[in-house]
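A structural walkthrough
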Amino acid sequence: MLRFLIARLGQAALVMLAVAAVSFLMFRFVGDPVAGMVREDASVQEKAELRQALGLDQPVLVQFGRFLGRTIRGDFGVSYRNQRPVAALIAERLPATLELVLMATLLSLALGIPLGVLCALKPDGVAARLVQAVSLIGISTPTFVTGIVLILTFAVTLGLLPSFGRGQTVQLGPWSTGFLTVSGLKALVLPSITLALYQLTLIMRLVRSELIDVLSSDYIRFARARGLSLRRIHFTLALRNALMPVITVTGLQIGSLIAFAIVTETVFQWPGMGLLFIQAVSFSDVPVMAAYLLFVGLLFVLINTVVDLLYAVVDPRLRVKAS
Amino acid sequence: MSAAPILAIDALRIEYPLSEGGTLVAVEGATLTIAPGEIHALVGESGAGKTTIGNAVLGLLEKPGRIASGAIALDGKPFDPTKPGDIRLGRDIGAVFQDPMTSLNPLFTIESQIVETLRAHLPLDRRAARARALDLLRAVGMPEPERRLSAYPHQLSGGQRQRVVIACALACEPRLLVADEPTTALDVSIQAQILDLLRGLADERGIGILLVTHNMGVVAQIADTVTIMHRGHVVESGPVAQVLRRPQADYARALIGAVPRIDVRLDRFPMLDGVNQGNAETARTELRRRAGTQEIAAPAADAVPLLSVESLVVDYGAGLLSGRGSRAFRAVDGVSFEIRPGEVFGLVGESGCGKTTIANVVAGLRKPTGGTIRFDGKVIAGEAAAPRVGRARRAIQMIFQDPYSSLNARMRVGHILAEPILFYELARTRAEAAADVDLLVQAVGLPPETAQRFPHAFSGGQRQRLSIARALGARPRLIVCDEPTSSLDVSVQAQILNLLKDLRDATGLTLLLISHDLAVIRQMCDRVAVMRSGQIVEMEESETLFAAPKADYTRQLLALVPTLERIRGEADIRHGG
């Protein structure tokens, strides 16, 4: 197990190095940073001094090394736009996004798995057909359309729920949470539904097809021949086998939910990282963009590693190969 | 036999309603009874309906199949398997399926799978169920049962898994056991153990066993009575010795005749080869004329070997990426043999003995770790070998085991067969290649319109004919056949083996035949090498080897193979006191 863990962490470190390199190159691709910093009439002398002060006269590899050093210490530079450390900006926005994604994931699992099971066990039933048809709509409607329709219905017409923002938040140390106030929870409803919809459909369809596969396998036939109750066969034996790929997909989807909550956050003006990134893009705020890139990369690597480890917990066959 | 039969099936008819209306009758008028302690074998080729009957008794018919008429009774009490009332699956009827690799759920321990079966039917607490599970594992002869309880299925060997499956089936002391091909996926030595186990259960506990199988040898070895089925109908039924020795029905005679014999070598399998035989003859003569150069001579001992393999070593898992901790597995360990031109050389052994690895190395699909292979005097594998690419591969072709996955389902047969001809530039134009394809199709005894169709239009046996035609298309001098008939029915196997023999006689081909089936080897091969754990145990002229095996391992293998020659109750060799 330990060797497996070390190997996975080694791979993760390599991937992160590559991501860091890309993010470092971003600074160089968008042009000469010095030109953007100095007055228009600065002399060559002044520019050279600034260049030296910033370390930009050093060879690329040395610069990359320094960039890595700063990054590891958590220093992502200072935002061009609002002149604050990028790390602080991200830390401020992170809770909003994470809470939104957590909510959306729970929602999609809580609904997706039972619906998928329903569709697999009673494929010809009315309910299953209805769910299948609706899920097709769910998977093919773009997030911004869903969001806007939800806002129109529940915020504008019915006036039940807020249409933007996080509502009131409570500060728990560095973490600002919306879970503890009524307005915070109400504000969470529409965005999390919007974000969850696609994943819900995905999980439902995955559970359905996996379960149908597993139910036709020899060991389920054998379980039936042993006279076990249908409930035990379906929900204890078959579902556990069917959930294996769901773990992977959910894990990977959490990554993309965090990384690409951008659209939902924009529609609902949710003060999360996505909104921060969109604003950074429109102001060419390179340090924020680079940090965001690094963060998203780190997220995916972490999630993939955790998913692999989880797999080893659930599937005994992997445990043996690993150890 | 005075007691009520354990299982009585009376005039059973099983139908599958078809979606376009109409019904497919899978089983019609099947009647059989099983007395306490009796093993009743249900045999037939694929599509005979034998498995369908087993599934019907277990209430596991695939949808939309249904029992249309007839009755099934257990211990004299009629019951409907789809609506388990008094009689319960798992408690009163146990089941053992073919593949022990897939019968057990990979995510749960052995203990949990046996205990859940026990607790589904009996009022046992966890501790009592566990103790019972341990007893069951002991009863089925599982080594170190305490340790196996906490094991997962993948940690057990195939034979051990089948023991667990049988333990599950026996958990609640059923009256009847339905065993569907219980040993087909196992090696002969393990098969022998499992068969002994089943026989013991019938003798000691008086369990009735319905044994569904295609293997006549298995029937001869352990069954008391046998029912032969063909296309859903019972063809013949009775005591094993009577049915196997003096079959009355034509089909029963043909089926039993097609079983390869291990006691004596026959020139051909005694059966009709079907149509197109006349065309096939001329086509083969033409093939031989085109191949040109070789003269066919009886394989002579002093001939220069066509293929010579010298101290071949193949390791698995020694590559760069396999990680530091992993040790290489030596699949082939210093094997040497020679194949003379025009001879059929057999490699036989149990699974994991390295025979398929050798086939792959000879065919150039895998590089050896050590040793050399010479073909026609030139080194083709080993240290000094030039890389075998492109046309260098032409002279050695291969036929694979599974005819379903070895033909590209998206290409027409004509295209599949023309590919090697064009690749090796054996024809100048596509039209010429197409003419060659027609010839090949005829040579393997298929109708001329074959080339226009896709592989899915053909049965397993026909597909294997196509694989042979494809190999022949390259005009090879050596064909490596890796278990060419082990996924086919016996009558089809007989046809394919006859075809290989005919082609060999007509074109002077040399064959390397790899098989786990000793009877097939005896019928086909001039010389045989017996392998075990990567080494050759014994290599001999085929007739000498089968008549007077020298190595202990060979003798053991020969003794374990269930054959028609040893029928239970006739001359009790193995079970005799």
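About the criteria used
- Residues numbered from 1 in each chain as written.
- Chains lettered and ligands numbered in written order.
- Predicted model: local features only at pLDDT ≥ 70, side-chain atom pairs only at ≥ 80, totals over all residues.
- Heavy atoms only, no water.
- Salt bridge = Lys/Arg side-chain N within 4 Å of Asp/Glu carboxyl O.
- Helix = DSSP H or I, 4+ residues; strand = E, 2+ residues; numbered from the N terminus.
- Buried < 20%, exposed > 50% of the residue type's maximum accessible area, 1.4 Å probe, protein only.
- Contact = heavy atoms within 4.5 Å.
- Buried area = accessible area lost by both parts, 1.4 Å probe.
- Polar contact = N/O pair within 3.5 Å; in protein donor to acceptor, adjacent residues only side chain to side chain.
- Nonpolar A, V, L, I, M, F, W, Y, C, P; charged D, E, K, R; others polar.
- Pairing = 2+ DSSP bridges.
- Axes fitted to C-alpha atoms, helices over the stretch in contact; angles between N-to-C directions.
- Domains from an automatic or database assignment.

So, about the pattern of salt bridges. Counted according to the given criterion, the structure contains 32 salt bridges over all chains. The closest approach of N and O atoms between Glu116 of chain B and Arg226 of chain A, which form a salt bridge, is 3.1 Å. Within this pair, whereas Glu116 of chain B is found in helix 3 (residues 110-121), its partner Arg226 of chain A is found in the loop between helix 9 (218-225) and helix 10 (230-259), the two belonging to separate chains. Notably, a salt bridge pairs Asp376 of chain B with Arg477 of chain B, separated by 2.7 Å at the nearest N-O pair. Of the two residues, Asp376 of chain B sits in the loop between strand 14 (370-375) and strand 15 (378-381) while Arg477 of chain B sits in the loop between helix 15 (460-473) and strand 17 (478-482), which places them 101 residues apart along the sequence. The partly exposed category is assigned to Arg477 of chain B, whose relative accessible area is 26%. Put simply, Arg13, Glu15, Glu28 and Arg66 of chain B are held in one network by salt bridges that share partners.

What follows is about the interface of chain A and chain B. Taken together, the contact between chain A and chain B spans 22 residues of the former and 28 residues of the latter. Counting each side, the surface lost to burial between chain A and chain B is near 2,300 Å², with a carbon and sulfur contribution of 60%. The largest share of the area that chain A buries against chain B comes from Arg221, Phe222 and Arg226 of chain A, three residues that together contribute 31% of it. Put simply, chain A and chain B have two salt bridges between them. Across the pair Glu116 of chain B and Arg232 of chain A runs a salt bridge whose closest N-O atoms are separated by 2.5 Å. Our enumeration of links across chain A and chain B arrives at 10 residue pairs in polar contact (both at pLDDT 80 or more). Elements with a contribution of two residues or more to the side of chain A that touches chain B: helix 9, helix 10 and helix 14 (316-322) of chain A. Here the residues of the side of chain A that touches chain B are counted per class, giving nine nonpolar, three polar and 10 charged.

Moving on, we come to unusual backbone geometry. Residues and elements named next belong to chain B. Despite not being glycine, Ala11 shows a phi value in the positive range, around 45°. Mapped onto the elements of the fold, Ala11 is located in strand 1 (residues 7-17). Assessed through its relative accessible area of 36%, Ala11 is described here as partly exposed. In the Ramachandran plot, Asp75 falls in the positive-phi region, its phi being about 55° despite a non-glycine side chain. Tracing the backbone through its elements, the reader meets Asp75 in the loop between strand 4 (66-74) and strand 5 (77-78).

This brings us to the sheet that holds strand 11 (residues 307-316) of chain B. Residues and elements named next belong to chain B. Across the sheet, which stays open at both edges, the four strands sit in the order 12-11-14-15 with antiparallel pairing between neighbours. With partners counted over all chains shown, the strands left at the sheet margins are strand 12 (329-339) and strand 15, one partner each. Recorded for the sheet is a direction-independent mean angle of 30° between the axes of neighbouring strands.

Further remarks concern the domain arrangement of chain A. Residue and element names in this part refer to chain A. The domain boundaries assigned to chain A delineate domain 1 (2-72) and domain 2 (93-322). On a C-alpha basis, the centres of domain 1 and domain 2 stand 35 Å from each other. Joining domain 1 to domain 2, the criterion identifies zero salt bridges. Here domain 1 is connected to domain 2 by zero residue pairs in polar contact (both at pLDDT 80 or more). Those elements that place two or more of their residues in the side of domain 1 that touches domain 2 are helix 1 (2-29) and helix 4 (60-72). Looking at the side of domain 1 that touches domain 2, the element that brings in the most residues is helix 1, giving 13 residues. Of the residues that constitute the side of domain 1 that touches domain 2, the class distribution is 13 nonpolar, two polar and one charged.

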